[in-house]
Amino acid sequence: MIYWTMLGHEEWNLYIAATGKGLCYVGSQNKPFEELSHWVERRFSNGVLVHDDEKLQLYATELIEYFQGARKSFSIPFDFYGTPFQLAVWNALCGIPYGQTQSYSDIATHIQKPSSVRAVGAAIGANPVLITVPCHRVISKNGSLTGYRGGLDMKTKLLQLENENVLVKGSSLYA
C-alpha cells in the first residue's frame, strides 16, 4: 500500500506519498496526480495507491513547517530505494546545510567519485523525495541554476525560501 495526499499550503500544492515505513515520494509543485501514479507504476509493480490524509499528516506537518521557515531539516522516516550510487548521492544531499548550495562536482567529490559528475546529476534527477532530500540545493559549478525534476521555478522558490530564512546575515545561496 502506498498512501497519498495532496499537500496544500499557500502557493505550495504537491502530492506526497508514504508506505508503512516512511515517506517515499514528494511530487512537483502544481503537477497532476498522474505524476504520482506513473511514478508508483514504475517503482512498485504491485503498488496500490490509497488516499489517506491522516496517515500522511506527520509528513505534511514537517513540509508545511519547512514552507513556513520554521523547519530547516526533517526528522520523518523515509522509505526510498535506489542503487548504492544513488543512495550515496542522496545521503550527500542531506549533508548540504539549509540555505547553502553545492555543485554537482562537489557532490561527486564528496562521494569519492570525482569523475562521475553526470552520473551524480542523473542520481539527483531520480530523487523521489523532493525538498526533504534537498536536491534543490545543487547548482552548476558556475553558480547557475540547472535542471530540477520539479522545474526551475520550483527550485528557485525553494532556494529563495531558504535564503529568506537563513539566520546568518550576509550569506548568499548563489555564492
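Residues numbered from 1 in each chain as written. Predicted model: local features only at pLDDT ≥ 70, side-chain atom pairs only at ≥ 80, totals over all residues. Heavy atoms only, no water.

**Student:** Describe the domain arrangement of the chain, listing the residues and the values that go with them.
**Tutor:** Partitioning the chain into structural domains gives domain 1 (2–68) and domain 2 (84–162). Placing a centre on the C-alpha atoms of domain 1 and another on those of domain 2 gives a separation of 21 Å. In this complex, domain 1 contributes 15 residues to the contact, which on the side of domain 2 involves 15 residues. Summed over both partners, the interface of domain 1 with domain 2 buries about 1,200 Å², with 63% contributed by carbon and sulfur atoms. Considering only the surface of domain 1 that becomes buried against domain 2, Trp-12, Val-26 and Tyr-66 emerge as the three largest contributors, covering 45% of it. Taken together, the links from domain 1 to domain 2 amount to one salt bridge. (Domains from an automatic or database assignment. Contact = heavy atoms within 4.5 Å. Buried area = accessible area lost by both parts, 1.4 Å probe. Salt bridge = Lys/Arg side-chain N within 4 Å of Asp/Glu carboxyl O.)

**Student:** Describe the nonpolar core, listing the residues and the values that go with them.
**Tutor:** One finds Leu-14, Ile-16, Val-26, Phe-67, Val-89, Leu-93 and Ile-131 to be the most contacted residues of the largest nonpolar core, which totals 42 residues. For this core, the secondary-structure elements that each account for two or more residues are β1 (2–9), β2 (12–18), β3 (23–26), α2 (57–67), α3 (84–94), α4 (104–110), α5 (117–125) and α6 (152–165). A total of five residues in this core trace back to one element, the largest contributor, which is α2. Ignoring anything within four residues of it in the chain, the contact list for Val-26 reads Leu-14, Tyr-15, Ile-16, Leu-63, Pro-128, Val-129, Leu-130, Ile-131, Thr-132 and Arg-149. Core analysis: the second largest hydrophobic core is formed by nine residues, Ala-17, Leu-36, Trp-39 and Val-40 among them. (Core = buried A, V, L, I, M, F, W, Y, C linked by side-chain atoms within 4.5 Å. Buried < 20%, exposed > 50% of the residue type's maximum accessible area, 1.4 Å probe, protein only. Helix = DSSP H or I, 4+ residues; strand = E, 2+ residues; numbered from the N terminus.)

**Student:** Outline the environment of Val-133, listing residues and values.
**Tutor:** Assignment of secondary structure puts Val-133 in the loop between α5 and β6 (138–139). Judged by its relative accessible area of 1%, Val-133 is buried. In sequence terms Val-133 and Asn-165 are 32 residues apart; their C-alpha atoms lie 18 Å from each other. In this view, Val-133 contacts Phe-80, Trp-90, Leu-93, Cys-94 and Asn-127; residues no more than four positions away in its chain are not counted.

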